[in-house]
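What the coordinates show
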Amino acid sequence: MHRDRRERRCIPTAGSWMMAETDRFMQERERKREALRAAGVDPYGGRFPDVEPTVDVRARADVVDIPVGQKLADFTARMAGRITLLRDIGKLAFLTVQDRTGTMQFGLSKGDLGDAQWTVFKQLDLGDIIGGEGIIGRTKTGELTLWLTRLTVLAKALRPPPEKWHGLTDVELRYRHRYVDLFSNREEVYEVFRRRSAIIHAIREYLVDLGYLEVDTPVLQPIYGGAAARPFVTHHNTLDMDLFLRISPELYLKRLLVGGMERVFEISRNFRNEGISPRHNPEFSMIELYEAYADYHVMMERTEGMVAAAIEVIGNRESPIVDREAGIEQSRDREGAVPFGKSPTELSGFGGTGSAFQRPFGEHMLNFAPPWRRAKYADLFREHAGLDIKDKPGVLERAKSEGIYQKLTKSIGDGHVHVKPDPAAEGSLIDHDVLVNELFDVLVQPHLIQPTFVYDYPASICPLTRRHPEDPSIALRFEAFVAGMELGNAYTELNDPRVQEENFRRQVAGEGDETMAVMDEDFVTALEYGMPPAGGLGVGIDRMVMLLTNSRSIRDVILFPLQRKGGVS
RNA sequence: GAGGGCGUAGCUCAGUCGGUAGAGCACCUGCCUUUUAAGCCGGUGGUCGUGGGUUCGAGUCCCACCGCCCUCACCA
């Protein structure tokens, strides 16, 4: 039947389709698969128990003296993985086999393996998944090698893997076919997600050790709230009810404070129907935590503690393979990219930096050693803008010279800009506070490279936030910035039900920065039962992973970032 | 949503002034018992993102559309 196929493609009639390149590769591999079946070999294997990871085999080999060019008959191993390189020397072959911990060279000798097994080997291709049993040795060049006495086919790959040296570099293909990205760009991509897992694990451990309870609250919410963002809307058929995908778990977690969960956290996937950028994905992960009897100063320590715990757990690790790095770096340089990416020294942890809390990020070296810098909003504004935040004429003048004023007045009417109630009042069409905030974004935020807590925001910028008891113009809030990027946001939480109720009313009326569809009356009811004073904190997990893996785009730390449908198949 | 860039073989990339579409890897035939991106001989493989247009002739020029990336806006 294979012959039929080949003949068909060899006789292109006028106007017929030429054989697609992909089909040629796949049909060749299908031919080999059928050859395996004809020889009584299942090309998709089955249970293959007691497989030893590469790192374990290498660790065992490290404590044994294996002379170069020798095999140790009593050093046996049983391993499995994907063939990433295949060197066929005639009656001898070397395969590089990759598992989750690294790569191992398999050596195959026709004489040792026997004709039947050698025939099986001849049907293998790059990308196939195999198991092997044999004895460990070292080749002439000292390479640790598993010399097979038995070869098992576990999965015949029908599609060829990407080019073996460059791997997959097309970013669109990398995101759409992440499974290929993961095995073909193993050293960079797999490592990022290994770290992501370790970071989340470390955060959990850190908080649980502090007596926190991890919870799950609704993703499908009849009323959304807790942040300023447009939601995704969905519908429950049987209940015939519109629901929102949560933009934040905040209002549910605070209900749990009322219920007596004094220390509570959730690692929550949130969904915001907003724009997409290298720092924004429509669905993203955040850790939110609430601690009774604490305040936002305590939350600064929690932020430092979580990051320190994360760095500790990802720090000490030798990268098993780094050879292909040079090629990746070159391709990025061709695009004129900044020096992001993982160098061998970075992958191995603390290489040459002196402090365990230092991490490279782009052209910066970030120092996460606690305590991080703590700076008041107004002080930073004075430092970088040279202005007092209450200096209305000065702020207006600077906003004009920076082009911010012009940009804002131009976009009045799109619903995002707050027009001053009485424009004539001070010769400005834009709220003073809006101008301050815009100037902060442009003049201050980009300079906040090293981890910095910006605290005591002007209350006018965050109208829904609890005020400082001694200075009502100050809001009890901080934001954590690293590399010019917002990493976290925290408050001394509002627990006065009447103030909360009033805030909701203003939100519904669209007066504040946030708007919402309807008031969450049940949340007010909860506060009426009494919520302990508390500190609350939200930290973006994806951004934290970006910072700790030197990743320039949020899409590089999310396994399957949202892509438009269509595109390359 | 606005502006800019990109899309050529399965993968990584060349393609000059508009004049028969190329290389490496991969794949196929053959050789090779210590390779390290193995090597050597020979060979196959293309709807140049899609659709229109200009032209004697379009990968190349023009228009529209699709997808990706970047900047801005919204947002975290």
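First things first, this report covers the structure right here in the doc. (Residues numbered from 1 in each chain as written. Chains lettered and ligands numbered in written order. Predicted model: local features only at pLDDT ≥ 70, side-chain atom pairs only at ≥ 80, totals over all residues. Heavy atoms only, no water.)

**Details of the pairing of strand S9 (residues 241-245)**
Note the threshold: Any two strands with at least two DSSP-identified bridges between them are counted as paired. Only DSSP runs of H or I reaching four residues or more are called helices, and only runs of E reaching two or more are called strands; each is numbered from the N terminus.
Alignment of strand S7 (residues 220-221) against S9, held across 2 bridges, turns out to be antiparallel. Across the sheet, residue Leu-220 finds its bridge partner in S9, namely Leu-245. Both strand S8 (residues 233-236) and S9 contribute to a ladder of 4 bridges, which runs antiparallel. By the bridge assignment for S9, Val-233 is matched with Phe-244.

**Section: the pairing of strand S15 (residues 452-458)**
As a reminder of what qualifies: Exposure categories follow from relative accessible area, calculated using a 1.4 Å probe and restricted to protein chains: below 20% of the type maximum is buried, above 50% is exposed, and the middle band is partly exposed.
Most of S15 is tucked away, with 7 of its 7 residues classed as buried. As paired elements, strand S14 (residues 373-376) and S15 share 4 bridges and run parallel to each other. When the sheet's bridge partners are listed, Lys-376 is paired in S15 with Tyr-455. As defined by bridge partners, S15 adjoins strand S16 (residues 474-482) across 6 bridges and the pair is classed as antiparallel. Looking at the pairing, Val-454 lines up with Glu-479 of S16.

**Concerning the nonpolar core**
Keep this limit in mind: The criterion is simple. A nonpolar core is a set of buried Ala, Val, Leu, Ile, Met, Phe, Trp, Tyr and Cys residues joined through side-chain atoms within 4.5 Å.
Residues Leu-207, Ile-287, Leu-289, Met-306, Phe-368, Phe-478 and Met-544 are the most contacted members of the largest nonpolar core, which totals 50 residues. Broken down by element, this core gets its largest block of residues, 10 residues, from helix H8 (residues 186-209). Counting residues in each nonpolar core, the second largest holds 29 residues, with Val-395, Val-454, Tyr-457 and Cys-462 among its members.

**Structural notes on the sheet that holds S9**
Pairing is antiparallel across the open sheet formed by 3 strands, whose spatial order is S7-S9-S8. Lying at the two open borders of the sheet, with one neighbouring strand each, are S7 and S8.

**Quick notes on the environment of Leu-213**
Where we set the bar: Contacts were defined at the residue level, with two residues in contact if any of their heavy atoms lie within 4.5 Å.
Turning to its location among the elements, Leu-213 is positioned in strand S6 (residues 213-214). Looking at Leu-213, the relative accessible area reads 43%, which means it is partly exposed. In the structure, Leu-213 is positioned 55 residues away from Ser-268 in sequence and 14 Å away in space, judged by C-alpha atoms. Not counting the four nearest positions on each side in its chain, Leu-213 is found in contact with Met-261, Arg-263, Val-264 and Phe-265.

**Concerning the packing of helix H9 (residues 250-258) against helix H18 (residues 521-528)**
Under the convention used in this document: Note on geometry: axes are C-alpha line fits, over the in-contact stretch for helices, and angles between N-to-C directions span 0 to 180 degrees. Here roughly perpendicular refers to angles of 65 to 115 degrees, roughly parallel to angles under 35, roughly antiparallel to angles over 145, and oblique to all remaining angles. Handedness of each helix crossing follows the sense of rotation of the near helix against the far helix: counterclockwise by less than a right angle gives left-handed, clockwise gives right-handed. In this classification, Asp, Glu, Lys and Arg are treated as charged, Ala, Val, Leu, Ile, Met, Phe, Trp, Tyr, Cys and Pro as nonpolar, and every other residue, Gly included, as polar.
One way to put it is that H9 packs onto H18 with a least axis distance of 9 Å and a crossing angle of 25°. Overall, the two elements H9 and H18 adopt an arrangement that is roughly parallel. Read as a crossing pair, H9 and H18 show a hand that is left-handed. Contacts from Leu-251, Lys-254, Arg-255 and Val-258 of H9 reach H18 at Asp-522, Phe-523, Ala-526 and Leu-527. Of the residues assigned to the contact of H9 with H18, the class counts are 5 nonpolar, no polar and 3 charged.

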